[in-house]
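Structural overview for review
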Amino acid sequence: MAAPGGLGRCVAAFWLALAFDALGLAVLLAGVFADVFFSDLLIYAGGIGIFLSLVWWVFWYAGNLEVPPEELRDDVGLSAPKGREDTLLRRLVHGLSLRLSAALAPARPAELELQRTGGSRGRHADPGRIC
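Residues numbered from 1 in each chain as written. Predicted model: local features only at pLDDT ≥ 70, side-chain atom pairs only at ≥ 80, totals over all residues. Heavy atoms only, no water.

What follows is about the packing of aromatic side chains. This structure, assessed with the given rule, holds 7 aromatic pairs. Between F14 and W57, the ring centres sit 5.6 Å apart and the planes meet at 85°, which makes this aromatic pair edge-to-face. Placement of F14 in helix α1 (residues 11-33) and of W57 in helix α2 (residues 39-63) is noted, with a sequence separation of 43 residues between them. Relative accessible area serves as the criterion here: at 24%, W57 is assigned to the partly exposed category. (Phe/Tyr/Trp six-rings, centres within 6.5 Å; stacked < 30°, edge-to-face > 60°. Helix = DSSP H or I, 4+ residues; strand = E, 2+ residues; numbered from the N terminus. Buried < 20%, exposed > 50% of the residue type's maximum accessible area, 1.4 Å probe, protein only.)

Before going further, it helps to examine the pattern of salt bridges. Per the stated rule, a full pass over the model turns up 1 salt bridge. Salt-bridge contacts for R9 lead to E66; the nearest nitrogen and oxygen are separated by 3.4 Å. A residue pair is termed long-range when its members are at least 10 positions apart, and R9 in the segment before α1 and E66 in the loop between α2 and α3 (69-76) qualify at 57 residues. (Salt bridge = Lys/Arg side-chain N within 4 Å of Asp/Glu carboxyl O.)

The next subject is the confidence of the model for the protein chain. Averaged over every residue, the pLDDT of the protein chain is 79; the share at 70 or more is 66%. The weakest mean pLDDT in the protein chain belongs to helix α5 (residues 109-117) at 60; the strongest belongs to α1 at 96. (pLDDT = per-residue confidence, 0-100.)

Summarising the element assignment, L52 is placed in helix α2. You can call L52 partly exposed: its relative accessible area is 37%.

Looking now at α2. Taking 1.5 Å of rise per residue, the 25 residues of α2 would be expected to cover 36 Å, and the 37 Å separating its terminal C-alpha atoms lies within 8% of that figure. Looking only at α2, the buried set comprises L42, G46, G49 and S53. In this structure, the buried side of α2 is in contact with α1. (Expected span 1.5 Å × (residues − 1). Contact = heavy atoms within 4.5 Å.)

Let us look at the packing of α1 against α2. Where α1 contacts α2, the two axes come as close as 7 Å, and the packing angle between them is 165°. With respect to α2, the axis of α1 lies roughly antiparallel. Crossing of α1 against α2: the hand is left-handed. Its residues assigned to classes, the contact of α1 with α2 comprises 20 nonpolar, 7 polar and 1 charged. (Axes fitted to C-alpha atoms, helices over the stretch in contact; angles between N-to-C directions. Parallel < 35°, antiparallel > 145°, perpendicular 65-115°, else oblique. Left-handed = near helix turned anticlockwise from the far one by under 90°. Nonpolar A, V, L, I, M, F, W, Y, C, P; charged D, E, K, R; others polar.)

A few words on the environment of L28. Its place among the elements puts L28 in helix α1. Residues L28 and L42, 14 residues apart in the sequence, show an inter-C-alpha distance of 5.8 Å. Ignoring anything within four residues of it in the chain, the contact list for L28 reads L42, I43, G46 and G47.

Listed below in structure tokens is the structure:
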């Protein structure tokens, strides 16, 4: 849905693109018509400014694309969600995620204190183990 002004959803990108175009063109024309010893620098800088405005134009265009979720789902070959079925893949991914989280998560301070003092909760502290 377009914004009321008719510029779409990415109004900032639109105005930045116009500003880069105007500034780049002004610097380019100043390099062409001004009689200064650094006119070649102005010409190159103006060309670079106009080229960089293309980035903002692409942002503006891409930000205004509207694709319905049904088309996105069909495009990547996903089936429509039928609920939270417990499939084999979902269980495998969940199990892997739990193992990675447990292996990569730092130990909590309470567990470290219990390990140092040899507390009875949880696993027993190994004397040769530092952490």
